[in-house]
Each structure stands twice: as structure tokens, then as C-alpha cells.
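# Structural characterization, general
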Amino acid sequence: MSQSQGVDPAKLAAARAAVAMVEDGMRLGLGTGSTAAIMVRELAARVAAEGLTLRCAATSRATAELAESLGLRIETLDQIGWLDLTIDGADEVDPHLHLVKGGGAAHLREKVVAAASDRMVVVADPAKVVETLGAFPLPVEVLEFGFETTRKLIRRALEAQDLGECDVLQRLRGSDPVITDEGNLILDLHLARIEDPVALARALSAIPGVVEHGLFLGMCDLAIIGREDGSVIELARNDIDADMLAQEGE
Ligand SMILES: O=C[C@H](O)[C@H](O)[C@H](O)COP(=O)(O)O
């Protein structure tokens, strides 16, 4: 299709395989991040070439702007109501297809969109596949109101799960706080390993100043992992052989 020069071949392979799943008339959720951006470009090229009629909702302002610049019409989630398929990236994917997302601070809208989709397909490169989540700092979107109090409550929740030694750092861009599309702040939890993502998700969600955490549990239906040679591996839950993928990367 349209792009390939200078584009990560593994991400491109995953994006192309996901876009191949799109059918005329579908209602789509468009993810955020570098891999999702490649997917949006591939989708726009397919729409232009084949004249597909789609209805698309974006998971961030950045994705909406990119999609519209490529000729895709973006509607709000509420205008569309429900989606057939959402295609998004991820920061980590584990063998249960549990995800860490939010490296681009978009996980709140991404989760709202994924929750309103019949299927969520993740597109990623092999570096994202892990046995245990947590090496990537877990993004948590929090309210500005009571920010330090919320950070304290998060630390307390982590201590209760024997994760008390971890850094809980505000995300900055330069010296300015990162502000999400919803006007909130981001705390990154440097956990190293998340042994029990379900318990952690529950504890974080119980803190009132937490708007949304980046754990996506039981939401992803399929992960398409692209490889440097242009091929892909499709992973349904419990299919992931992280060792095999790691060896390929050596
Ligand atoms: O907030 C951003 C999203 O969750 C992204 O989908 C995630 O960070 C993966 O992005 P990338 O494809 O750039 O690694």
C-alpha cells in the first residue's frame, strides 16, 4: 500500500494484517501511538483504493487529526454508538492478552473505545510481548484536584501489594506536566513486575482520584505481532510464546 520507506517493518506488517480484517460498512475504533498511526495510514490507503464506506471513532485528538488529514471522516463514539472492531497498539502484551497501555497518555479514551467494541485487535512488534507485565511503567491517569493525595493513596495501595518500593512519578514533557486529552495528569508506576494484574487493577480503580489505569484486562481478543521480515504471528489468549519471539529478536 502507500507507505513503507522508513517505517518499522514489524509494525507495518502488524498494521497491514489488521487493516486486512476491515470490511466494507464496518464501524471502527482507531487506536493511538506509532503502530496505530501506521495502521491509520494503511486504512486510509485502503479506503482510497477500494472506496470502502466506514464509520470511524478516534481514541485521541492526535489520531483524529491524522485520520482526517488522510481523508478519513471521524465521528464521535456517541454518534456511532457501538463499534465492530477497534485496532490499537500496546506497550506490553502478556500470554493472557492482558495489556499495559498509555505510553502515549491515551489509555483513558482507548479503554472507553475498546469497551464499546465487539472486538479489540492489538497491533505490535515483538518487543511488546512479555511473560509478565510491568517492565513498562504503568500509566495511571489522575485528576489534578488532590494530585498529591491521590499519589499517596496509590503508594499505599502498592504497599498493600508488596510493591511499596516502586517509584510513582509524574509524567513530564520537558519540565511541564503531561496533560491528557481529558485534561488530567499522568503518574507512571515503575513496578518492574506485576504478579497480580487483576488485584492491582481493582486497587487502583478503588482510589477516587484515579481516573483510569493502563491495565487492559480481558479486553483484547487478538494480538497481531509483526516481524521484521514482514510476516505476522496472530495470538489468541494463552498462545504467546515469549521465548520464541525473544529468540527471533536476538
Ligand atoms: O497511550 C498510548 C497508547 O496506549 C499506545 O497504543 C501505546 O503506548 C503503544 O504505542 P506504540 O505503538 O507507539 O508503541
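Where an unreviewed UniProt entry is consulted, the protein appears under the name Ribose-5-phosphate isomerase A, with the organism given as Paracoccus aestuarii. Quoted verbatim from the Pathway (unreviewed entry) field of the UniProt record, the comment on the protein reads "Carbohydrate degradation; pentose phosphate pathway; D-ribose 5-phosphate from D-ribulose 5-phosphate (non-oxidative stage): step 1/1." The record in UniProt for the protein states the following under Sequence similarities (unreviewed entry): "Belongs to the ribose 5-phosphate isomerase family."

Another point: the overall build of the protein. From N to C terminus, the protein includes eight helices and 15 strands. Computed over C-alpha atoms, the radius of gyration of the protein comes to 18 Å, within 12% of the 18 Å expected from 2.2 N^0.38 for 250 residues, which places it in the range of a compact globule. For the protein, the spread of C-alpha atoms along the three principal axes comes to 55 × 40 × 35 Å. The buried share of the protein, taken over its 250 residues, is 53%. Once local pairs closer than 6 in sequence are excluded, the contacts in the protein between residues at least 24 apart make up 74%. Accessible surface for the protein amounts to roughly 11400 Å². Of this, 49% is attributable to carbon and sulfur atoms. Side-chain charges of the protein comprise 23 positive and 41 negative groups, with the mean position of each set lying 4 Å from the other.

This brings us to the pairing of strand β1 (residues 27-30). Strand direction decides the pairing type here: β1 and strand β2 (residues 55-58), joined by four bridges, are parallel. Of the residues in β2, the one forming a bridge with Gly29 is Ala57. In this region the chain leaves β1, passes through helix α2 (residues 34-50) and returns to the parallel neighbour β2; the handedness of that crossover is right-handed. Of the strand pairs in this sheet, β1 and strand β3 (residues 83-88) are connected by three bridges, and their pairing is parallel. Paired with Leu30 across the strands is Ile87, a residue of β3.

Attention now moves to the UniProt feature "active site" (unreviewed entry) in the protein. Here the UniProt feature "active site" (unreviewed entry) sits at Glu110. Secondary-structure assignment places Glu110 in helix α5 (residues 107-115). Leaving out residues up to four positions away in the same chain, Glu110 has contacts with Thr32, Thr59, Asp88, Lys101, Gly102 and Phe216. Among the polar contacts made by the side chain of Glu110, one reaches the main-chain amide nitrogen of Thr32 at a distance of 3.5 Å.

The next subject is the packing of aromatic side chains. Each aromatic ring pair is described using two quantities: the centre-to-centre distance and the angle formed by the ring planes. Inspection of every chain in the model, using the stated rule, returns zero aromatic pairs. Over the ring of Phe216 we find Lys101, and its NZ or CZ is 5.6 Å from the ring centre. The residue whose ring lies beneath Lys111 is Phe216, and the NZ or CZ to ring-centre distance is 5.0 Å.

Looking at the protein as a whole, the pLDDT averages 94, with 94% of positions reaching at least 70. Listed scores for the predicted complex are pTM 0.94 and ipTM 0.99.

Moving on, we get to the domain arrangement of the protein. Once the domains are mapped, the protein shows domain 1 (9-126 + 218-236) and domain 2 (138-207). Centre-to-centre, using C-alpha coordinates, domain 1 lies 26 Å away from domain 2. Residue-level contacts link 12 residues of domain 1 with 12 residues of domain 2. Buried surface at the junction of domain 1 and domain 2, both sides included, amounts to about 910 Å², of which 55% is carbon and sulfur. Counting every contact that joins domain 1 to domain 2 gives two salt bridges. Across the pair Arg109 and Glu182 runs a salt bridge whose closest N-O atoms are separated by 2.8 Å. Counting every contact that joins domain 1 to domain 2 gives six residue pairs in polar contact (both at pLDDT 80 or more). No other element matches the three residues that α5 contributes to the side of domain 1 that touches domain 2. Each residue belonging to the side of domain 1 that touches domain 2 can be placed in one class, and the counts come to three nonpolar, six polar and three charged.

On the basis of which strands lie adjacent, the open sheet formed by six strands has the order β2-β1-β3-β6-β14-β15 and mixed pairing. Since the sheet does not close on itself, it has two edges, and those belong to β2 and β15 (232-235), each with one partner. Sheet twist, expressed as the average angle between the axes of neighbouring strands with direction ignored, equals 20°. In the packing of helix α1 (residues 9-19) onto the sheet, contacts are made with β3, β6 (117-124), β14 (222-226) and β15, and the angle to β14 comes to roughly 140°.

The rules we used
Residues numbered from 1 in each chain as written. Predicted model: local features only at pLDDT ≥ 70, side-chain atom pairs only at ≥ 80, totals over all residues. Heavy atoms only, no water. UniProt positions renumbered as here; feature names shortened; annotations may be inferred. Helix = DSSP H or I, 4+ residues; strand = E, 2+ residues; numbered from the N terminus. Rg over C-alpha atoms; globule rule 2.2 N^0.38 Å. Buried < 20%, exposed > 50% of the residue type's maximum accessible area, 1.4 Å probe, protein only. Contact = heavy atoms within 4.5 Å. Areas by Shrake-Rupley, 256 points an atom, 1.4 Å probe, with all protein chains shown as cover. Lys, Arg positive; Asp, Glu negative; His and termini not counted. Charge placed at Lys NZ, Arg CZ, Asp CG, Glu CD. Pairing = 2+ DSSP bridges. Right-handed = clockwise from strand over helix to strand, strands pointing away. Polar contact = N/O pair within 3.5 Å; in protein donor to acceptor, adjacent residues only side chain to side chain. Phe/Tyr/Trp six-rings, centres within 6.5 Å; stacked < 30°, edge-to-face > 60°. Lys NZ or Arg CZ within 6 Å of the ring centre and 35° of its normal. pLDDT = per-residue confidence, 0-100. Domains from an automatic or database assignment. Buried area = accessible area lost by both parts, 1.4 Å probe. Salt bridge = Lys/Arg side-chain N within 4 Å of Asp/Glu carboxyl O. Nonpolar A, V, L, I, M, F, W, Y, C, P; charged D, E, K, R; others polar. Axes fitted to C-alpha atoms, helices over the stretch in contact; angles between N-to-C directions.

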